[in-house]
Amino acid sequence: MAQYEHVFLARQDLSQAQVDALAAGATEIVEGMGGKVTKTETWGLKGLAYKIDRNRKAHYVLLNIEGPGKLVAELERQNRINEDIIRWLTIAVDELEEGPSVMMRKNDRERKRRDPREERF
């Protein structure tokens, strides 16, 4: 089966529960089309380089997907219909990354750097 990384950006005014519901909905679409989601990561609310539909920030979500190509077409069609998703990108990969993604490792590094400073004050 083909493997894909799918990242979508959700509007900034959504709660974390609503973002998790969007990820669960995407997972249902994938499983309904005969694929499977191997990893779901929520990267959190991050600033955008430029405004998209009057949004300065967006919730980022990554899905690692295994399945047929028609699955990607349906997932992107559903993203186009959903008003809460402002952007998405799906990339075919040779091999899915094991463990946390680069963005999650970056967040862990930043937390480790901040901890010693917080202890000084």
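Residues numbered from 1 in each chain as written. Predicted model: local features only at pLDDT ≥ 70, side-chain atom pairs only at ≥ 80, totals over all residues. Heavy atoms only, no water.

Describing unusual backbone geometry
Then comes step 1: One non-glycine residue, Asp-53, lies in the positive phi region at around 50°.
Then comes step 2: Here Asp-53 shows up in the loop between strand 2 (36-52) and strand 3 (55-67).
Then comes step 3: Even without a glycine there, the phi angle at Arg-54 is positive, about 65°.
Then comes step 4: With respect to the helices and strands, the residue Arg-54 is situated in the loop between strand 2 and strand 3.
Then comes step 5: Overall, the relative accessible area of 76% leaves Arg-54 in the exposed class. (Helix = DSSP H or I, 4+ residues; strand = E, 2+ residues; numbered from the N terminus. Buried < 20%, exposed > 50% of the residue type's maximum accessible area, 1.4 Å probe, protein only.)

Details of the packing of aromatic side chains
Then comes step 1: Across all of its chains, the model carries 1 aromatic pair by this definition.
Then comes step 2: Ring centres 6.4 Å apart and planes at 25° place the aromatic pair Trp-43 and Tyr-60 in the stacked group. Taken together, the positions of Trp-43 in strand 2 and Tyr-60 in strand 3 put the pair 17 residues apart, joining distant regions of the chain. Just as Trp-43 is buried, Tyr-60 falls in that class too. (Phe/Tyr/Trp six-rings, centres within 6.5 Å; stacked < 30°, edge-to-face > 60°.)

Side note on the pairing of strand 2
Then comes step 1: Bridge count between strand 2 and strand 3: 11 bridges; the pairing is antiparallel. Along strand 3, the bridge assignment pairs Ile-52 with Asn-55. (Pairing = 2+ DSSP bridges.)

Things to note about the sheet that holds strand 2
Then comes step 1: Taken together, the 4 strands give an open sheet; going across it, the order is 2-3-1-4, and neighbouring strands pair in antiparallel fashion. The two strands at the open ends of the sheet, each matched to only one other strand, are strand 2 and strand 4 (85-93). When strand polarity is set aside, the average angle formed by the axes of neighbouring strands in this sheet is 20°.
Then comes step 2: Strands strand 1 (2-11), strand 2, strand 3 and strand 4 of the sheet are contacted by helix 1 (residues 16-32), whose axis makes an angle of about 130° with strand 2. (Axes fitted to C-alpha atoms, helices over the stretch in contact; angles between N-to-C directions. Contact = heavy atoms within 4.5 Å.)

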